[in-house]
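Commentary on secondary and tertiary structure
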Amino acid sequence: YGLRNLKLFHYANFDIDNLNFIDLLIYTLYTYAESLLNRGFIKGYTLFENDLSCVKGRIDMSRLASRGGAIAACLPCKYYERTENTLLNQVLLAGLRLAGKLASDIDLRHDVMRISDQLSMLTKETRLSRPILNAAQRSISRLNDVYKPAIELINILFESQSVQIENGEEHISLPGYFFDMNLFFETLVSKLLKSLQDEYSVIDQYRLGMLFAYEPKRNPKGKRSPTPRPDFALLKNGSVVQLLDAKYRDLWDRNLPRDMLYQLAVYAVSGIGNSSATILYPAMNGVPVLQQINIKNPLSKETMARVFMKPIDLIKVAGLIENGDNNQLSDYFTEIVCS
């Protein structure tokens, strides 16, 4: 899902009989490793001590003296070379190997092992241990902080395997972790929108340019004009027909916050689309139905625009995805968004 907002909190209890969520952690580790592979794994300087016929670095005088001088056509040298065989890459490789063993999804396991095999050609593998993980965390600096999330994920996976369950305990204590569920839901909706019927297309993070603009003569600090960005713009035949936002909030059982209403009202009165804006929110059953708020002119009482709140039945979506019913999924989501 392209998730990056992993934050660690205090320790929490997890049911050891239901750890399928670890696959999501493994997938997140895989996306980090893939991004590192695409940009190139960070190199570091590693000390080498070898006998060389062509002097490189510094001559190791102590080793030379212990031999009684030069007795061959080479000299003992100490030198540094930039290589991918660093502690962080070694831990990353070991973490990917562990993730490959823990993954329950076959395709995910294959992807993880593919990247680990590529990394194994560049660095040696180390054995994961608490001292090794601590050393890896201490070695992270501003030069290699892109590794930090991956090391944190490996730490969680390692902890999940390093505890012993005594007296039939069914819970273990692991570092607590939370994802930005707004980002998760927005990414999920984006993928579902891609399943709409062929006549529709979607643009993520659509820019409403020139909706707000500073008066040039009254902008002494030269600030940029604010640019609202609806999560999605729905297009039909190349024209925007609807602006949508994904909100991870149950708007059936909970009230619509004012800030969400004001945000969607701005989208609705922008003149882009059909003078309406839609909030897509999660539901766990088929009970919630469409809700509508009219934006009226206070003087004429005429309706200027509308804000729709449309539920997405996540249980139904999960069933359609699990059964591979892509056509029904497309029909269901087209009915939600386009009706």
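Residues numbered from 1 in each chain as written. Predicted model: local features only at pLDDT ≥ 70, side-chain atom pairs only at ≥ 80, totals over all residues. Heavy atoms only, no water.

**A closer look at the pattern of salt bridges**
For the structure on display, the rule yields eight salt bridges. Residues Asp51 and Arg63 are paired through a salt bridge, measuring 3.1 Å at the closest nitrogen-oxygen approach. Pair noted here: Asp51 is in strand β2 (residues 44-52) and Arg63 is in helix α2 (residues 61-66), with a separation of 12 residues, a long-range link. For Arg63, a relative accessible area of 23% puts it in the partly exposed group. The partner of Lys194 in a salt bridge is Asp204, with the nearest N and O atoms 3.6 Å apart. Pair noted here: Lys194 is in the loop between α7 (181-193) and β6 (200-204) and Asp204 is in strand β6, with a separation of 10 residues, a long-range link. (Salt bridge = Lys/Arg side-chain N within 4 Å of Asp/Glu carboxyl O. Helix = DSSP H or I, 4+ residues; strand = E, 2+ residues; numbered from the N terminus. Buried < 20%, exposed > 50% of the residue type's maximum accessible area, 1.4 Å probe, protein only.)

**Examining unusual backbone geometry**
One non-glycine residue, Gln205, lies in positive phi territory at about 50°. Summarising the element assignment, Gln205 is placed in the loop between β6 and β7 (232-236). Even without a glycine there, the phi angle at Asn237 is positive, about 55°. Mapped onto the elements, Asn237 comes out in the loop between β7 and β8 (239-246). By relative accessible area, Asn237 is classed as exposed at 71%.

**Here we look at the confidence of the model for the chain**
The predicted coordinates should not be examined in detail at positions where pLDDT is low. For the chain, mean pLDDT is 83; residues scoring 70 or higher make up 88% of the total. Here strand β5 (residues 171-179) stands out as the element of the chain with the lowest mean pLDDT, 51, in contrast to strand β10 (residues 291-296), whose mean of 94 is the highest. Contacts of residues 14-19 to residues separated by more than four positions or lying in other chains number 16 contacts, the stretch itself having pLDDT below 50. Every residue in residues 163-173 scores below 50 in pLDDT, and together they form 21 contacts with partners more than four places removed in sequence or on other chains. (pLDDT = per-residue confidence, 0-100. Contact = heavy atoms within 4.5 Å.)

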